[in-house]
Amino acid sequence: MAYWILATYTRPSTDTAWFSPSADIITKIDEYKDSGKIIHYEVKESSGQLEQYIKIGFSDQAESLNFLAEDDVQNNESARQSYIDSNPTTVIIEDKEETEPTI
């Protein structure tokens, strides 16, 4: 069964840029997609441009945990937290488990 994660970023205005993942994390996402470990990856912005949604579907929970344990992913998590600590942006990450979120 697929395992779903939804990250929702919120910013106070469009003057605040969204966090941009590194080239290494994009490469890692592509690697997981190419191998079938990530079955869905989608980034969408709200109509008001104040929310950004990142929806990831993994082939199963084990692949989700493997992804989170990758060094590149850990480095991205640290960079993202530093960005959020320095900018008026929040993020909520939800494990939706087997229920595909709607964005």
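Refer to the structure presented above.
This is a predicted model, so every value here is computed, not measured.

## Some thoughts on the packing of aromatic side chains
The final tally for this structure, using the stated rule, is three aromatic pairs. Look at Phe19 and Tyr83: their rings are 5.8 Å apart centre to centre, the planes differ by 55°, and that puts the pair in the tilted class. Residue Phe19 is found in the loop between β1 (3-10) and α1 (23-34), and its partner Tyr83 is found in helix α3 (residues 71-86); the two are separated by 64 residues along the sequence. One exposure class covers both Phe19 and Tyr83, and it is buried. Considering the side-chain rings of Tyr32 and Phe67, the 5.1 Å spacing of their centres and the 75° angle between planes classify their relative orientation as edge-to-face. Highlighted residues: Tyr32 in helix α1 and Phe67 in helix α2 (residues 61-69), separated in sequence by 35 residues. Like Phe67, Tyr32 is buried. By the ring-pair criterion, three or more aromatic residues cluster together here, those being Tyr32, Phe58 and Phe67. Over the face of the ring belonging to Tyr32 we find Lys37, whose NZ or CZ atom lies 5.1 Å from the ring centre.

## Section: α2
Burial in α2 covers these residues: Glu63, Ser64 and Phe67. Angularly, the buried residues of α2 cover 105° about the axis, an arc narrow enough to put them on a single face. Facing away from the buried surface of α2 by more than 90 degrees, the exposed residues are Leu65 and Ala69. Lining the buried residues of α2 we find β1, α1, β2 (38-45), β3 (51-58) and α3.

## Some points on the nonpolar core
Within the largest apolar cluster, 17 residues are counted, with the highest numbers of intra-cluster contacts made by Tyr9, Ile38, Phe58 and Phe67. When contributions to this core are tallied by element, the ones reaching two or more residues are β1, α1, β3 and α3. In terms of residue count, β1 provides more of this core than any other element does, four residues in total.

## Points about the pattern of salt bridges
As enumerated under the stated definition, the model contains eight salt bridges in all. With a shortest N-O distance of 3.6 Å, Arg11 and Glu45 are connected by a salt bridge. Placement of the pair is Arg11 in the loop between β1 and α1 and Glu45 in strand β2, with a sequence separation of 34 residues. In this structure Glu45 comes out as partly exposed when scored by relative accessible area, which is 33%. Here Glu77 makes a salt bridge to Arg80, at a shortest N to O gap of 2.4 Å. Here Glu77 and its partner Arg80 are both found in helix α3, three residues apart, which amounts to about one turn of the helix. Residue classification places Glu77 among the partly exposed positions, given a relative accessible area of 28%. On the basis of relative accessibility, which here comes to 9%, the residue Arg80 falls in the buried class. Among the charged side chains, a salt-bridge network with shared partners connects Lys28, Glu31 and Glu70.

Analysis parameters
Within any chain, residue numbers begin from 1 and follow the written order of that chain's sequence. Local features in this predicted model are restricted to residues whose pLDDT is 70 or higher, and side-chain atom pairs enter the listing and the counts only when it is 80 or higher, whereas totals over whole chains, interfaces and linings include all residues. Only hydrogens and water are set aside when side-chain values are computed; all heavy atoms of the structure are taken into account. Aromatic rings from Phe, Tyr and Trp, taking only the six-membered ring of Trp, are treated as a pair when their centres fall within 6.5 Å; an angle between ring planes under 30 degrees marks them as stacked, one over 60 as edge-to-face, and anything in between as tilted. By definition, any uninterrupted DSSP run of H or I lasting at least four residues is a helix, any uninterrupted run of E lasting at least two residues is a strand, and each is numbered from the N terminus. Relative accessibility decides the category of a residue: with a 1.4 Å probe and only protein chains considered, values under 20% of the type maximum give buried, values over 50% give exposed, and everything between is partly exposed. The rule for a charge over a ring is simple: NZ of Lys or CZ of Arg within 6 Å of the ring centre, and within 35 degrees of the ring normal. In this context, the arc is that of the directions from the helix axis out to the C-beta atoms. Every residue pair with non-hydrogen atoms within 4.5 Å of one another is taken to be in contact. Buried Ala, Val, Leu, Ile, Met, Phe, Trp, Tyr and Cys residues that are joined via side-chain atoms within 4.5 Å together make up what is termed a nonpolar core. Basic side-chain nitrogens of Lys or Arg form a salt bridge, by our definition, when they fall within 4 Å of a carboxyl oxygen of Asp or Glu.

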